[in-house]
Amino acid sequence: MPVSIVIGSQWGDEGKGKIVDLLSPQVDIVARYQGGANAGHTIVWENQEGGDDEFVLHLVPSGIFHERVTCVIGNGVVLDPKAVLDEIEKIKSLGIDVEGRLKISHNAHLIMPYHKAIEAAQEEERAAASDDDAIGTTGRGIGPAYTDKSARTGIRVVDLLEEEVLRQKLRRSLEEKNAILRDIYDVEALDVDRIVDEYVEFDQRIDDYVTDTSKYLCNSLDQDARVLAEGAQGSLLDLDFGSYPYVTSSHPTAGGCCTGLGVPPTEIDRVLGIAKAYCTRVGNGPFPTELETEAGERLRQKGGEFGATTGRPRRCGWLDLVALRYTSMVNGFNELAVTKLDILSGMDPLKVCTQYRYDGTTTRRFPSEAQTLNRVEPIYKTLPGWEQDISDVQHIQDLPSEARDYLAFIEEYLDVDIGLVSNGPRRSQIITDVQHATAA
Ligand code: GDP
Ligand code: IMO
Ligand code: MG
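*Asks:* Is there a simple way to explain the sheet that holds strand 15 (residues 335–339) in this structure?
*Replies:* Strands in a sheet are paired, the pairing made by backbone hydrogen bonds, and the direction either parallel or antiparallel. With respect to topology, ten strands assemble into an open sheet ordered 9-7-5-2-10-1-11-15-19-20, the strand pairing being mixed. A strand with exactly one partner marks an edge of an open sheet, and here the two such strands are strand 9 (210–211) and strand 20 (430–431). Judged from the three bridges that link them, strand 5 (residues 70–73) and strand 7 (residues 102–105) form a sheet pairing that is parallel. Residue pairing for strand 7: Cys-71 is matched across the bridge by Leu-102.

Okay, here's the thing in structure tokens:
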């Protein structure tokens, strides 16, 4: 198993952090390949007093709590140096050794203060035009940083190494950014020297972690290392395959792994999709199965559906199999992990969307264009729910038959095996003997 990828199959927050943490003991390296501090990956473990401890990772890969694992932030990530340094300090304060275990790509692009300033101004302007025009971004500077990367005006980690080069690049970049901030958005301009001083200090603190991570990964693969690639966000937020423009600016889908890490596709042999047992979305954009009802509120409260990065309430709805079939196609999932099944206890009946009605016809095709997706009407299959609390169940046979049928329905519709079922936030709340039992 050289490279496995863990990918969010919906709109993010599927529980990727928990699953990556859980699989980490089976691998040597965990590597993030895209996104930035817009991600919030939660890991929960039982502490010695019998309570729960929680950590939300934004940039550091979710393998960091396993000391034998090396973590890589790949070239495809946009790195906020302050955010990563703060995160490293927080991890160290738990007694976890990070030095020598975290590698940051020299080619990763940096989030600069003007990225956040421009994003805030753009979002404000879009919201002023109409509430629906705003994307509802996380405000972490992601879009403008990837814009600069594509425009070939970005500043990379490697540029921090020489102060004069950094100063020159920044001066050139800021001339344009300040004109945009001042003249278009009527916002205060930023000072080059202050930014250079701040980023030079970051360089001194980040230097030991920086390396050619593609070379490191390829050499490690040559020596039979096992790599787990950790996607952030979700497939339906992909820049190309999501409902543009209500997307993020990177590629969470499988292809992003190769370009974001510099590993060849021939090394990938497992693509694990993470699917929440229902759907959530943060920010704006089409969401066919959204429940703006008491049932939606119930999912939000019981599921704790509030953003791990921004604290915003997540929009909640029924499981959308049309959308899941599409992301399974685009990513080539050869296995699924279904998370948060415990949250569905007590909801009876359950609904899952199996078709869309659009322009008088029904279809199983997922239209990724936002205009069309906004107009589809979900057609549901109603399935019996179960009352029991399932959060202590450890074996698939001990789940209520209705819960097993729910899983079997998903497997059959998608023609993808479910390999893991998560029934609570803790590491111990996982069912691994799934395959033969859903078939039973
Ligand atoms: P990620 O961004 O995909 O890593 O997911 P988030 O961490 O943003 O959101 C998932 C939330 O659900 C976190 O609060 C997790 O602790 C929690 N969680 C993960 N799996 C389960 C599960 O099976 N059941 C319950 N109840 N909570 C879960
Ligand atoms: P994880 O990795 C859920 C959403 C934002 C917004 C859109 C664009 O925790 O699953 P951006 O700041 O990326 O330009 O915002 O994408 N978004 C996420 N939603 N989980 C995430 O990450 C997200 N990262 C971005 O809410 O709708
Ligand atoms: Mg999250």
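*Asks:* For this particular structure, what's the right way to read the pattern of salt bridges?
*Replies:* In total, this model carries 29 salt bridges according to the counting rule given. A salt bridge links Asp-80 to Lys-116; the nearest nitrogen and oxygen atoms lie 2.8 Å apart. Pair noted here: Asp-80 is in the loop between strand 6 (78–79) and helix 2 (81–92) and Lys-116 is in helix 3 (residues 113–129), with a separation of 36 residues, a long-range link. For Asp-80, a relative accessible area of 7% translates into the label buried. In this structure, Glu-201 and Arg-205 form a salt bridge, with 3.9 Å as the shortest nitrogen-oxygen distance. Remark: Arg-205 and Glu-201 occur in helix 6 (residues 192–206); sequence separation between them is four residues, near one turn of the helix.

*Asks:* What is the right way to read the coordination of the magnesium ion (ligand 3) from this model?
*Replies:* For a metal bound by four donors in a tetrahedral arrangement, the ideal donor-metal-donor angle is 109.5 degrees, while six donors in an octahedral arrangement ideally sit at 90 or 180 degrees. Those donors, Asp-13 (OD) and Gly-40 (O), are the protein atoms that reach the magnesium ion (ligand 3), and they lie 2.1 to 2.2 Å from it. With Asp-13 in the loop between strand 1 (3–8) and helix 1 (16–23) and Gly-40 in the loop between strand 2 (29–32) and strand 3 (41–46), this residue pair connects regions lying 27 residues apart in the sequence.

*Asks:* Just checking my understanding: could you explain the packing of aromatic side chains for this structure?
*Replies:* The relation between two aromatic rings is expressed through the spacing of the ring centres and the mutual angle of the planes. This model, assessed by the stated rule, comprises seven aromatic pairs. Relative to Phe-65, the ring of Trp-45 has its centre 5.2 Å away and its plane inclined at 45°; by these criteria the two rings are tilted. In this pair, Trp-45 sits in strand 3 while Phe-65 sits in the loop between strand 4 (52–57) and strand 5, placing the two residues 20 residues apart along the sequence. For the pair shown, Trp-45 and Phe-65 are each scored as buried. Aromatic ring contacts, followed pair by pair, group Trp-45, Phe-55 and Phe-65 into a single cluster. Above the plane of the ring of Phe-55 lies Lys-90, whose end atom (NZ or CZ) is 5.2 Å from the centre.

*Asks:* Looking at this model, I keep getting lost on the domain arrangement of the protein chain. Mind explaining?
*Replies:* Interface size is often expressed as the accessible area that is lost when the parts come together. The domains assigned to the protein chain are domain 1 (3–103 + 212–437) and domain 2 (109–208). For domain 1 and domain 2, the distance between their C-alpha centroids amounts to 29 Å. The interface of domain 1 with domain 2 comprises 27 residues on the first partner and 23 residues on the second. For the pairing of domain 1 and domain 2, the buried interface totals around 2,000 Å² over both sides, and the portion due to carbon and sulfur atoms is 59%. Ranking the residues of domain 1 by area buried against domain 2 places Val-78, Pro-81 and Leu-85 at the top, with a combined share of 27%.

*Asks:* Explain the nonpolar core to me, please; I cannot follow it from the model alone.
*Replies:* In globular proteins that are soluble, nonpolar side chains generally tend to be buried together. In this structure, Leu-341, Leu-344, Leu-399 and Tyr-406 are the most contacted members of the largest nonpolar core, which totals 66 residues. Considering every element that reaches this core, the biggest residue donor is helix 12 (residues 401–414), with six residues. When neighbours within four sequence positions are excluded, Leu-344 is seen to be in contact with Ala-277, Tyr-278, Leu-299, Leu-350, Trp-386 and Tyr-406. In terms of nonpolar packing, the next biggest core, distinct from the first, is built from 54 residues, Val-77, Leu-102, Tyr-114 and Val-200 among them.

*Asks:* Mind showing me how you'd approach unusual backbone geometry here?
*Replies:* What is expected of a backbone is that most residues other than glycine have negative phi and most peptide bonds are trans. Residues Tyr-244 and Pro-245 are joined by a peptide bond in cis, for which omega reads 10°. Relative to the elements of secondary structure, Pro-245 occurs in the loop between strand 10 (227–230) and helix 8 (255–261). Cis peptide bonds are those with omega within 30 degrees of zero, and the linkage from Asp-348 to Pro-349 qualifies with 5°. Within the fold, Pro-349 resides in the loop between strand 15 and strand 16 (350–358). Positive phi is not limited to glycine here, since Asp-224 has a value of about 70°. By the secondary structure assignment, Asp-224 is in the loop between helix 7 (213–222) and strand 10. Note on Asp-224: relative accessible area 66%, which makes it exposed. Although it is not a glycine, Gln-233 sits at a positive phi angle of roughly 55°. Inspection of the secondary structure assignment puts Gln-233 in the loop between strand 10 and helix 8.

*Asks:* Which parts of the structure should I look at to understand the site of ligand 1?
*Replies:* Residues in close proximity to ligand 1 total 19 residues, the closest being Gly-15, Lys-16, Thr-42, Asp-342 and Ser-422. Between ligand 1 and Glu-14, the relevant distance is 3.1 Å, taken from an oxygen atom to a main-chain nitrogen or oxygen of the residue. Separating a nitrogen atom of ligand 1 from a side-chain N or O atom of Asp-342 is a distance of 2.8 Å. Within the complex, the protein chains bury 92% of what would otherwise be the 580 Å² of accessible surface of ligand 1. Elements represented by at least two residues in the shell around ligand 1 include exactly helix 1 and strand 3.

Rules and cut-offs
- Residues numbered from 1 in each chain as written.
- Chains lettered and ligands numbered in written order.
- Predicted model: local features only at pLDDT ≥ 70, side-chain atom pairs only at ≥ 80, totals over all residues.
- Heavy atoms only, no water.
- Pairing = 2+ DSSP bridges.
- Helix = DSSP H or I, 4+ residues; strand = E, 2+ residues; numbered from the N terminus.
- Salt bridge = Lys/Arg side-chain N within 4 Å of Asp/Glu carboxyl O.
- Buried < 20%, exposed > 50% of the residue type's maximum accessible area, 1.4 Å probe, protein only.
- Donors = N, O, S within 2.8 Å, 3.2 Å for Na, K, Ca; no water.
- Phe/Tyr/Trp six-rings, centres within 6.5 Å; stacked < 30°, edge-to-face > 60°.
- Lys NZ or Arg CZ within 6 Å of the ring centre and 35° of its normal.
- Domains from an automatic or database assignment.
- Contact = heavy atoms within 4.5 Å.
- Buried area = accessible area lost by both parts, 1.4 Å probe.
- Core = buried A, V, L, I, M, F, W, Y, C linked by side-chain atoms within 4.5 Å.
- Near = heavy atom within 4 Å.
- Polar contact = N/O pair within 3.5 Å; in protein donor to acceptor, adjacent residues only side chain to side chain.
- Areas by Shrake-Rupley, 256 points an atom, 1.4 Å probe, with all protein chains shown as cover.

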